[in-house]
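Structural overview for review
If you want the building blocks of each chain, they are given just below.
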Amino acid sequence: MGSSRLPGKVLRRVGHRPLLGHVLGRLEQSKQAIEIVVATSTQHQDDAIVAFCETQQVHCFRGSEADVLDRYYQCAQQFRFAHVVRLTADNPFTDIVELDRLIALHRSNGNAFTHSFGTLPLGVGAEIFSLSALEKSWREGLASHHREHVDEYLLEHPDKFKTGILDIPTPKVKPELRLTVDTEDDWRLADSLARQAGHEWLTTERIIALCSPSA
């Protein structure tokens with residue numbers, strides 16, 4: 001809730017739902033067996049996130065605001081997760097079909113780190129860490145940027161982690177399209193797309209079509 005560029009964005013309405021409601025609603029469509037936990041901070045302003053999670057009957061974990069890597073690690077420890085799928089609460093259009101494929105790839109290949117970044121629109125992909133990879137990052141990633149961004153240590157040391165990258169179908173390849181919500185302009189686009197969708201969930205292909213000049 002303490003975003004400097006867009007204060008309160010996590011619970012700001014995007015179409016008919018709060019932004020976080022989009023993330024949770026899409027996750028509920030996953031065909032994989034996953035447990036959803038919202039990992040927020042211990043700051044007073046984030047009490048509103050805890051209250052929202054209670055209304056949605058979703059688990060909530062509270063940890064450090066600045067040391068996000070520690071927050072993830074402590075959350076994984078408390079819930080005894082063997083693997084952690086990371087979605088950030090400013091991405092309302094996560095592609096759940098590709099997320100399910102990502103989880104399947106991670107499991108079948110025995111990866112430590114698997115992601116779907118680089119070709120999907122920005123804000124649509126996701127990443128997965130094994131607990132051992134998360135713990136290694138937590139123990140060895142001591143620089144400030146390692147603590148703030150969770151995956152920086154893994155990205156900087158690919159030699160230490162078995163990594164997989166999901167192949168994305170051509171119709172969904174649009175890396176220049178920005179679908180994360182970090183500014184007022186981002187929010188206006190996301191709100192417009194969500195309102196056009198009504199109560200339906202837009203596919204990545206449909207979003208790309210709506211955002212193209214000929215749409």
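The structure we're discussing is the one just above.
Residues numbered from 1 in each chain as written. Predicted model: local features only at pLDDT ≥ 70, side-chain atom pairs only at ≥ 80, totals over all residues. Heavy atoms only, no water.

Considerations on helix 9 (residues 204-211)
Owing to its 3.6 residues per turn, the α-helix aligns residues three or four sequence positions apart on the same side. Within helix 9, the full set of buried residues consists of Thr-204, Ile-207 and Ile-208. In a view along the axis of helix 9, the buried residues occupy a sector of 100°, so they form one face of it. Close packing links the buried residues of helix 9 with helix 8 (184-197). (Buried < 20%, exposed > 50% of the residue type's maximum accessible area, 1.4 Å probe, protein only. Helix = DSSP H or I, 4+ residues; strand = E, 2+ residues; numbered from the N terminus. Arc of directions from axis to C-beta. Contact = heavy atoms within 4.5 Å.)

Some thoughts on the packing of helix 1 (residues 19-27) against helix 2 (residues 47-56)
At a closest axis distance of 11 Å, the pairing of helix 1 and helix 2 adopts a crossing angle of 40°. By the angle between their directions, the pair helix 1 and helix 2 is classed as oblique. The handedness of the crossing between helix 1 and helix 2 comes out as right-handed. Taken together, the residues of helix 2 that come into contact with helix 1 (itself represented by Leu-20, Gly-21 and Leu-24) are Ile-49, Phe-52 and Gln-56. Of the residues that constitute the contact of helix 1 with helix 2, the class distribution is 4 nonpolar, 2 polar and no charged. (Axes fitted to C-alpha atoms, helices over the stretch in contact; angles between N-to-C directions. Parallel < 35°, antiparallel > 145°, perpendicular 65-115°, else oblique. Left-handed = near helix turned anticlockwise from the far one by under 90°. Nonpolar A, V, L, I, M, F, W, Y, C, P; charged D, E, K, R; others polar.)

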